Amino acid sequence: MADEGRLQKMEVDYSSTVDEKIPQCEKMAKEGALLEALDILLSLEKQTRSAADMHSTAKILVAIVKLCFQQNNWTALNEHILLMSKRKSQLKQAITKMIQEACSYVEETPNMEVKLKLIDTLITVTAGKIYVEIERARLTHKLATIKEKEGKISEAANILQELQVETFGSMDKKEKVEFIMEQMRLCLAHRDYIRTSIISKKISTKYFEDSNDEVQKLKLRYYKLMIELDLHEGAYLSVAKYYKAVYDTPSIQEDEAKRNEALKCMILYLVLAPHDNEQSDMIHRVKEEKNMEKIPRYKDLLTCFTTPEVMLWSQLCEIYEPTLKTGQPEDTPTDVFTADEAGVKRWADLKIRVIEHNIQTMAKYYTRIRLSRMAQLLDLSVQVSYRQVFPGILEHTLSHTVCGFYLQI
């Protein structure tokens, strides 16, 4: 006998017999003789399977699950799906047809208990069968969605992570990306940021270079997830890059409000990012964007960080805080500096960046400076300068970027 799934040469053609028997069995089932009809089809299935008549076997398997569905006999449906899939030397094409037909019944189930039982049956019979891997993935997604609606986020995330769809050769690239992004979304909902980061690397951003509208929608969804992930990690420069990718998307460029929103966020997260060569290079490139003229306040803020002049924090708050936090007429605020804990932390980080900029500016003009003078230029008290600025800013920034800058206490 041949192994399961192996292609065999058809020995006998049962097409005419099958075409004759199936209508008879359908009539019997409608008259209440479902079990008798199923017995006839099971007997005929054995003959077609032994003769390697794939088309006839597939028709019979589909007819069996269809009869059970039409008679609302869900127990019989589950039993016969399991029975047919376990039969020795069963033809893989026939199993595929049966599984595809049964999958179409999932949304037709009368209640959640029956739906879960059918999904469980189908997931069981598709396990380890490459030729129905797509159906298994879709069923798993449905099961995860059900668990999520029940509030079982952790269980939903674990269910979806069981599948490695990136290895599915028969799955369309778009569907793979959608599935992986769903895995990312559930992991984020479960606050599993490490696993989200690992999963995100399975998607190549080169895929988003396609100008197709559907691909561009996926691109925006992907970067929305990545922004959420890296905001948790405090990786401001990465977030700025993601907003740059969003900003460059054609559909965003065509919508002035969304375009300005993306550009504002890109500017703010660039400013929040610790100074290094990459951050400095990106700031100067963004500064040349033609649409900067449409958001003058944000352009001015960016200019402050590219000009080697000391900024007073109090003056900066007076000029920019209303715009950045609450907005102005015809200039809506972003969600960067909101009133929640994350927004307050980002505002505090902005102050640190201002201090960092000021120290770097001072280093260009001073070789020796007293603490009292530095505190005056930083718009801080001497105590705050000593206790907060030095352990943070000086240790991590000046030691790498400023040479010959000697502090006198």
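In what follows, the structure referred to is the one given above.
Cut-offs applied
Residues numbered from 1 in each chain as written. Predicted model: local features only at pLDDT ≥ 70, side-chain atom pairs only at ≥ 80, totals over all residues. Heavy atoms only, no water. Phe/Tyr/Trp six-rings, centres within 6.5 Å; stacked < 30°, edge-to-face > 60°. Helix = DSSP H or I, 4+ residues; strand = E, 2+ residues; numbered from the N terminus. Lys NZ or Arg CZ within 6 Å of the ring centre and 35° of its normal. Buried < 20%, exposed > 50% of the residue type's maximum accessible area, 1.4 Å probe, protein only. Arc of directions from axis to C-beta. Contact = heavy atoms within 4.5 Å. Polar contact = N/O pair within 3.5 Å; in protein donor to acceptor, adjacent residues only side chain to side chain. Salt bridge = Lys/Arg side-chain N within 4 Å of Asp/Glu carboxyl O. Expected span 1.5 Å × (residues − 1). Core = buried A, V, L, I, M, F, W, Y, C linked by side-chain atoms within 4.5 Å. 1 Å grid on protein atoms, 1.4 Å probe; cavity = no way out; pocket = protein on both sides within 12 Å on 5 of 7 lines; lining within 4 Å. Points joined across faces, edges and corners; volume = space filled by probe spheres on them. Disulfide = S-S within 2.5 Å. Axes fitted to C-alpha atoms, helices over the stretch in contact; angles between N-to-C directions. Parallel < 35°, antiparallel > 145°, perpendicular 65-115°, else oblique. Left-handed = near helix turned anticlockwise from the far one by under 90°.

Engineer: Kindly report on the packing of aromatic side chains, identifying the contributing residues and their values.
Structural biologist: Here the structure, examined in full by the defined rule, presents eleven aromatic pairs. A centroid spacing of 6.0 Å and a plane angle of 25° characterise the contact between tyrosine 236 and tyrosine 269, whose relative ring orientation is stacked. Of this pair, tyrosine 236 sits in helix 12 (residues 236-247) while tyrosine 269 is found in helix 14 (residues 256-272), placing the two residues 33 residues apart along the sequence. Taken together through their ring pairs, the aromatic side chains of Tyr207, Phe208, Tyr222, Tyr223 and Tyr242 make up a single cluster. Positioned above the aromatic ring of tryptophan 347 is the side chain of lysine 325, whose terminal nitrogen or guanidinium carbon lies 4.3 Å from the ring centre.

Engineer: Which residues make up helix 15 (residues 277-287), and what values do they have?
Structural biologist: Residue pairs spaced three or four apart in an α-helix point in one direction, given the helix's 3.6 residues per turn. For helix 15, the set of buried residues is Gln279, Met282, Ile283 and Val286. Along the axis of helix 15, the buried residues cluster in a sector spanning 105°; they form a single face. Of the surrounding elements, those touching the buried residues of helix 15 are helix 12, helix 14 and helix 16 (296-306). You can read the cap of helix 15 off the contacts: a side-chain oxygen lies 3.2 Å from the backbone nitrogen of glutamate 278, and it is on aspartate 276.

Engineer: Outline the pattern of salt bridges, supporting the account with residue identities and numerical values.
Structural biologist: In this structure the tally under the stated criterion is 22 salt bridges. Between lysine 217 and glutamate 214 there is a salt bridge whose closest N-O contact spans 3.9 Å. On the criterion of helical spacing, the pair formed by lysine 217 and glutamate 214 is a turn pair, its members being three residues apart in helix 11 (residues 213-233). For lysine 217, a relative accessible area of 53% gives the class exposed.

Engineer: Go over helix 7 (residues 133-149), please, and point to the residues and values.
Structural biologist: Its 17 residues give helix 7 an end-to-end C-alpha distance of 24 Å, which sits within 8% of 24 Å, the value for a rise of 1.5 Å per residue. Taken together, the buried positions of helix 7 are occupied by Glu133, Ile134, Glu135, Arg136, Ala137, Leu139, Thr140, Leu143, Ala144, Ile146 and Lys147. Summarising the contacts, the buried residues of helix 7 are in contact with helix 5 (92-103), helix 6 (112-126), helix 8 (153-161) and helix 9 (173-189). Looking one or two residues beyond helix 7, the residue adopting positive phi is glycine 151, at roughly 85°.

Engineer: Give me unusual backbone geometry: which residues, what numbers.
Structural biologist: The backbone of alanine 52 sits at a positive phi, close to 60°, despite the residue not being glycine. Along the polypeptide, alanine 52 turns up in the loop between helix 2 (34-50) and helix 3 (54-70). Given a relative accessible area of 5%, alanine 52 falls into the buried group. Its identity as a non-glycine residue notwithstanding, serine 89 has a phi of 60°, on the positive side. Turning to its location among the elements, serine 89 is positioned in the loop between helix 4 (74-86) and helix 5.

Engineer: Tell me about the nonpolar core, residues and numbers included.
Structural biologist: Residues Ile81 and Leu350 are the most contacted members of the largest nonpolar core, which totals 117 residues. A total of ten residues in this core trace back to one element, the largest contributor, which is helix 14. Among the nonpolar cores identified, the runner-up in size contains eight residues, and Met362, Met374, Leu377 and Leu380 belong to it.

Engineer: Give a description of the layout of surface pockets that names residues and reports values.
Structural biologist: Size it by volume and the largest pocket reaches roughly 610 Å³. What lines the largest pocket is a set of 23 residues, and nearest its centre among them are Ile227, Glu228, Leu231, Tyr269 and Asp335. Of all the elements in the fold, those that place two or more residues in the lining of the largest pocket are helix 11, helix 12, helix 14 and helix 18 (341-365). Per-element tally for the lining of the largest pocket: the top contributor is helix 11, with six residues.

Engineer: Hey, could you go over the state of the cysteines for me, with residue numbers and the actual values?
Structural biologist: Such a bond, covalent and formed between the sulfur atoms of two cysteines, is termed a disulfide. On inspection of all chains with the given rule, the structure shows zero disulfides. This cysteine, cysteine 68, is not joined by any disulfide, and cysteine 25 carries the nearest cysteine sulfur, 12 Å off. In this structure cysteine 68 comes out as buried when scored by relative accessible area, which is 1%. For cysteine 317, which is in no disulfide, the shortest distance to another cysteine sulfur is to cysteine 304 and amounts to 12 Å.

Engineer: Could you give an account of the packing of helix 12 against helix 15, with specific residues and numbers?
Structural biologist: The interhelical angle for the contact between helix 12 and helix 15, taken along N-to-C directions, is 30°, at an axis separation of 11 Å. The orientation of helix 12 with respect to helix 15, classified from their angle, is roughly parallel. Crossing hand, helix 12 versus helix 15: left-handed. On the side of helix 12, the interface is formed by Leu237, Ala240, Lys241 and Lys244, while helix 15 contributes Glu278, Gln279 and Met282.

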